[in-house]
Amino acid sequence: MTDVKKTVAVIGNPASNKGRGAAIGERVFKSLSESGMRHGFDVIDLTGDSFENSLSAARAHSDLYDYLVVIGGDGMIALGANAVCGTGKPLGIVAVGSGNDFARGLHLPVNRIRTAVEGIVGAIVCGTHIDVDMGHVRSLNMEPVVQGGSGELVLTEAGNPVEGFVDRYYAGMLNCGLDASINDRANKSHLPGGSVRYAAAVLVELTHMKRYGYHIKAVLADGSVDERDIISPLVTVANARYIGGGIEVSPYSLLSDGMLDLIWIDHMPSVAECAAAVSDAYNGKLLSNRVFGWERVREIEITRADDGDEPPVLMADGEYVGRVPVSVSAAGMSLRMLVPPAVAGWHKRRTQEHVTAAIMRDGRDPITGRFVEA
Ligand SMILES: Nc1ncnc2c1ncn2[C@@H]1O[C@H](COP(=O)(O)OP(=O)(O)OP(=O)(O)O)[C@@H](O)[C@H]1O
């Protein structure tokens with residue numbers, strides 16, 4: 001490290017895990033502070049009493065720190081990403097949530113606090129980081145604002161809905177249909193373990209799928225525009241690969257390609273097709289299944305189609321976002337992540353060629369996304 005003393009800001013989630021989150025936060029703070037004494041950096045705590053307050057503190061005090069470390073699940077990573085995206089300040093993560101899908105996709109330790117802290121210290125000392133893409137979702141109209149944790153409307157003192165524009169980055173996926181309902185059900189479940197909750201929610205939600213009406217206008221990888229209605233139970237705009245504690249919904253996602261992956265259910269699936277899709281989702285072959293459409297997009301507008309049901313409240317990284325109409329774009333290489341040298345090396349090795357090989361294996365055309373007929 002250089003002679004100028006650096007500062008690491010830490011943000012935990014004291015409310016998580018029935019209060020265990022506070023103890024985990026203290027443990028990480030203590031451990032990082034001890035390393036700081038050895039390696040010459042300071043540690044400060046910017047944890048607030050809510051998601052919004054922690055995010056505001058991270059933004060308002062950005063001049064006080066050189067690195068931000070968040071402790072928790074995908075929601076906390078979204079908090080960190082929205083605080084430092086586009087600033088060049090590296091984000092470290094101690095993944096101790098219920099899903100931890102972004103950390104999993106990055107090959108970072110999951111639910112291993114000591115290893116995660118050692119990795120962060122190693123990255124600071126060695127100066128290793130990787131730059132990754134983010135999804136960026138913005139409202140096209142002023143809409144009622146929803147609470148991130150519950151999806152309930154935010155009300156004025158007089159009880160009227162507060163209106164505003166969504167403008168946020170997401171690391172994992174923007175869930176616009178059945179996938180948002182699954183996420184919602186899993187969040188409210190009392191079953192033990194994030195992946196068990198998610199799998200149970202998948203099975204329930206598959207039994208009453210709706211035909212949501214979306215109109216999409218997407219700019220594809222080659223610059224061409226795809227505009228049409230999609231009447232479907234599921235539309236997802238993925239930046240990263242996993243959701244629900246390890247379900248690989250977007251196996252072709254590459255965090256350094258400046259693209260997002262649009263995935264949707266192409267036709268109402270039969271029971272047999274649903275069963276095949278569930279099994280494919282756990283072995284990385286979901287998109288070999290003809291129930292799903294896939295397209296690689298640079299940006300996309302999602303509005304309400306004349307036909308179909310009203311899409312639910314959208315979710316991103318397990319948090320409620322707001323309703324369509326929205327525009328979504330890839331913010332290429334906009335988030336700098338603190339990763340130890342071994343993880344930085346793994347990312348260099350996962351290239352476009354690997355992804356293209358998986359697309360061809362699944363029988364799709366890498367440009368159009370359509371299945372290539374034999
Ligand atoms: N300081 C805080 N006080 C209270 N609640 C918070 C605070 N920070 C975040 N939250 C809430 O915690 C939830 C997200 O927690 P987190 O991402 O750590 O865990 P998780 O949901 O178990 O993880 P995963 O998304 O990986 O399943 C959100 O609903 C968020 O609004």
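Data block above holds the structure.
Model, not experiment: these values are computed from the prediction. (Residues numbered from 1 in each chain as written. Predicted model: local features only at pLDDT ≥ 70, side-chain atom pairs only at ≥ 80, totals over all residues. Heavy atoms only, no water.)

**Student:** With reference to specific residues and values, describe the pattern of salt bridges.
**Tutor:** With the rule as written, the count across this model stands at 15 salt bridges. Taking the shortest distance from any N to any O, the salt bridge between E373 and R290 comes out at 3.7 Å. With E373 in the segment after α10 (352-361) and R290 in the loop between α8 (271-281) and β16 (292-304), this pair connects stretches of sequence that are 83 residues apart. Classification of R290 by relative accessible area gives partly exposed; the value is 46%. Between E310 and R304 there is a salt bridge; the shortest N-O distance is 3.1 Å. Bridged by salt links that share partners, the residues D226, R228 and E295 form one connected network. (Salt bridge = Lys/Arg side-chain N within 4 Å of Asp/Glu carboxyl O. Helix = DSSP H or I, 4+ residues; strand = E, 2+ residues; numbered from the N terminus. Buried < 20%, exposed > 50% of the residue type's maximum accessible area, 1.4 Å probe, protein only.)

**Student:** An account of the packing of helix α6 (residues 178-188) against helix α7 (residues 194-205) is requested, with residue identities and associated values reported.
**Tutor:** Running from amino to carboxyl end, α6 crosses α7 at an angle of 130°, the nearest separation of the two axes being 8 Å. Taken together, the axes of α6 and α7 are oblique relative to one another. In this structure, α6 meets α7 at a crossing whose hand is right-handed. Seen from α6, the contacting residues are L178, D179, S181, I182, N183, R185 and A186; seen from α7, they are R197, Y198, A201, V202, V204 and E205. (Axes fitted to C-alpha atoms, helices over the stretch in contact; angles between N-to-C directions. Parallel < 35°, antiparallel > 145°, perpendicular 65-115°, else oblique. Left-handed = near helix turned anticlockwise from the far one by under 90°. Contact = heavy atoms within 4.5 Å.)

**Student:** Tell me what's going on with the packing of aromatic side chains, and back it up with residues and numbers.
**Tutor:** On inspection of all chains with the given rule, the structure shows two aromatic pairs. With a centroid separation of 6.3 Å and an interplanar angle of 65°, the aromatic rings of Y212 and Y214 are classed as edge-to-face. Centroid distance Y252 to W294: 4.8 Å. Interplanar angle 80°. Geometry classified as edge-to-face. Here W294 lies in strand β16 and Y252 lies in the loop between β14 (247-248) and β15 (260-265), a separation of 42 residues in the sequence. As far as burial versus exposure is concerned, Y252 and W294 are alike and both buried. Between the NZ or CZ atom of K89 and the centre of the ring of Y65, over which it lies, the distance is 5.3 Å. (Phe/Tyr/Trp six-rings, centres within 6.5 Å; stacked < 30°, edge-to-face > 60°. Lys NZ or Arg CZ within 6 Å of the ring centre and 35° of its normal.)

**Student:** How would you explain the state of the cysteines if you had to name every residue and give the values?
**Tutor:** Working definition: the covalent bond between the sulfur atoms of two cysteines is a disulfide. The final tally for this structure, using the stated rule, is zero disulfides. The thiol of C274 is unpaired, and the distance to the nearest cysteine sulfur, on C176, comes to 19 Å. Taking the relative accessible area as the measure of exposure, C274 reaches 13% and is therefore buried. (Disulfide = S-S within 2.5 Å.)

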